[in-house]
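Spelled out, the chains give:
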Amino acid sequence: KDLRILEEETFCGLLRAFSNNPISDGSKTQLEALWSKIPKQQRQQTDTLIAYIDALVLLDDSSLALNLLSKRLDVQWQDKLIEKFGSLTVKASKKQLAIAEKWLSRHPKNPHLLLALGRICSHMELFGKARDYLEQAVELAPSAQTYFDLATIYGEIGEEKARFQTYQRGLEFIISDH
């Protein structure tokens, strides 16, 4: 067990170290070479995959990151991965939204999915939809981040009173024992 943990930390560290280096012409090739050297079983580990996704995003390959995450989430649902999926900014936003809305039928009460949907809609400037998803997420599982995202949406649609109330609820949430 300790060896597996050490392996995962090592591979994640290599991927993060890659992300910390200046980007050059051969960076994409270097990343692909590093990823191919990581054993398949280790590539299936959530933290390793997230470190690779972060490196892809850094290299402006969000479409590959989106495809990897969506395939993985179709097979194995994990809240940590859906959060990463929702944080991606991709050119194919409509595809990203369609994929996430498909998952909503299987996971209708998942606050992480609702937060991801709210963020995707926000990136697409679908502020009404974003508000609806974020309100549901706050109802199911309040969090400081969800309150912040919801308050931001209220600001975008000109609901200043709701914006300030939501910021206040978020602050109260942070200082309470939730």
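Just above sits the structure.
Residues numbered from 1 in each chain as written. Predicted model: local features only at pLDDT ≥ 70, side-chain atom pairs only at ≥ 80, totals over all residues. Heavy atoms only, no water.

**A few points about the packing of helix 10 (residues 144–156) against helix 11 (residues 160–175)**
The geometry of helix 10 relative to helix 11 is characterised by a closest axis approach of 8 Å and an angle of 170 degrees between their N-to-C directions. In this view, helix 10 runs roughly antiparallel relative to helix 11, as classed from their interaxial angle. The residues of helix 11 that touch helix 10, namely those facing Ala144, Tyr147, Phe148, Leu150, Ala151, Thr152, Tyr154 and Gly155, are Glu160, Ala162, Arg163, Thr166, Tyr167, Arg169, Gly170, Phe173 and Ile174. (Axes fitted to C-alpha atoms, helices over the stretch in contact; angles between N-to-C directions. Helix = DSSP H or I, 4+ residues; strand = E, 2+ residues; numbered from the N terminus. Parallel < 35°, antiparallel > 145°, perpendicular 65-115°, else oblique. Contact = heavy atoms within 4.5 Å.)

**Structural notes on the nonpolar core**
Counting residues in each nonpolar core, the largest one holds 48 residues, and the members touching the most others are Leu15, Leu31, Phe85 and Trp103. Setting aside anything within four residues of it in sequence, one finds Trp103 in contact with Ser70, Leu73, Asp74, Trp77, Ile82, Phe85 and Leu113. (Core = buried A, V, L, I, M, F, W, Y, C linked by side-chain atoms within 4.5 Å. Buried < 20%, exposed > 50% of the residue type's maximum accessible area, 1.4 Å probe, protein only.)

**Focus: the packing of aromatic side chains**
Using the criterion set out here, one finds 5 aromatic pairs in the structure. A centroid spacing of 5.5 Å and a plane angle of 80 degrees characterise the contact between Trp77 and Trp103, whose relative ring orientation is edge-to-face. You can see Trp77 sitting in the loop between helix 5 (62–75) and helix 6 (79–87) and its partner Trp103 sitting in helix 7 (residues 93–106), a full 26 residues away along the chain. Taking the relative accessible area as the measure of exposure, Trp77 reaches 21% and is therefore partly exposed. Judged by relative accessible area, which is 0%, Trp103 ranks as buried. Grouped by ring-pair contacts, the aromatic residues Trp77, Phe85 and Trp103 constitute a single cluster. The ring of Phe164 carries Arg163 above its face, with NZ or CZ at 5.6 Å from the centroid. (Phe/Tyr/Trp six-rings, centres within 6.5 Å; stacked < 30°, edge-to-face > 60°. Lys NZ or Arg CZ within 6 Å of the ring centre and 35° of its normal.)

**Remarks on the layout of surface pockets**
In this structure, the largest pocket encloses a volume near 220 Å³. Lining the largest pocket are Trp35, Lys40, Arg43, Gln44, Leu49, Leu68, Lys71, Arg72 and Val75. For the lining of the largest pocket, the elements supplying multiple residues, two or more each, are helix 3 (40–43) and helix 5. A total of 4 residues in the lining of the largest pocket trace back to one element, the largest contributor, which is helix 5. Grouping the amino acids of the lining of the largest pocket by side-chain chemistry returns 4 nonpolar, 1 polar and 4 charged. (1 Å grid on protein atoms, 1.4 Å probe; cavity = no way out; pocket = protein on both sides within 12 Å on 5 of 7 lines; lining within 4 Å. Points joined across faces, edges and corners; volume = space filled by probe spheres on them. Nonpolar A, V, L, I, M, F, W, Y, C, P; charged D, E, K, R; others polar.)

**Some details on a nonpolar patch on the surface**
On the surface, Leu171, Ile174 and Ile175 cluster together into a nonpolar patch covering about 350 Å² of accessible area. Mapped onto the elements of the fold, Ile175 is located in helix 11. A relative accessible area of 74% places Ile175 in the exposed class. (Patch = residues over 30% accessible without salt bridge, like charges linked within 9 Å, V, L, I, M, F, W, Y side chains within 5 Å. Areas by Shrake-Rupley, 256 points an atom, 1.4 Å probe, with all protein chains shown as cover. Salt bridge = Lys/Arg side-chain N within 4 Å of Asp/Glu carboxyl O.)

**Remarks on unusual backbone geometry**
Positive phi values are uncommon outside glycine, yet Asp60 reaches one of about 65 degrees. Within the secondary structure, Asp60 is located in the loop between helix 4 (46–58) and helix 5. Although it is not a glycine, Glu125 adopts a positive phi angle of roughly 60 degrees. Relative to the helices and strands, Glu125 resides in the loop between helix 8 (111–123) and helix 9 (127–140). Since its relative accessible area comes to 59%, Glu125 is described here as exposed.

**With respect to helix 7**
For helix 7, with 14 residues, the first-to-last C-alpha span of 21 Å sits near the 20 Å given by 1.5 Å per residue. Taken residue by residue, helix 7 has Ser93, Gln96, Leu97, Ile99, Ala100, Trp103 and Leu104 as its buried positions. All buried residues of helix 7 fall inside an arc of 165 degrees around its axis, so they share one side. Turned more than 90 degrees from where helix 7 packs its buried face, Lys94 and Ser105 sit exposed. Buried-residue contacts for helix 7 involve helix 5, helix 6, helix 8 and helix 9. (Expected span 1.5 Å × (residues − 1). Arc of directions from axis to C-beta.)

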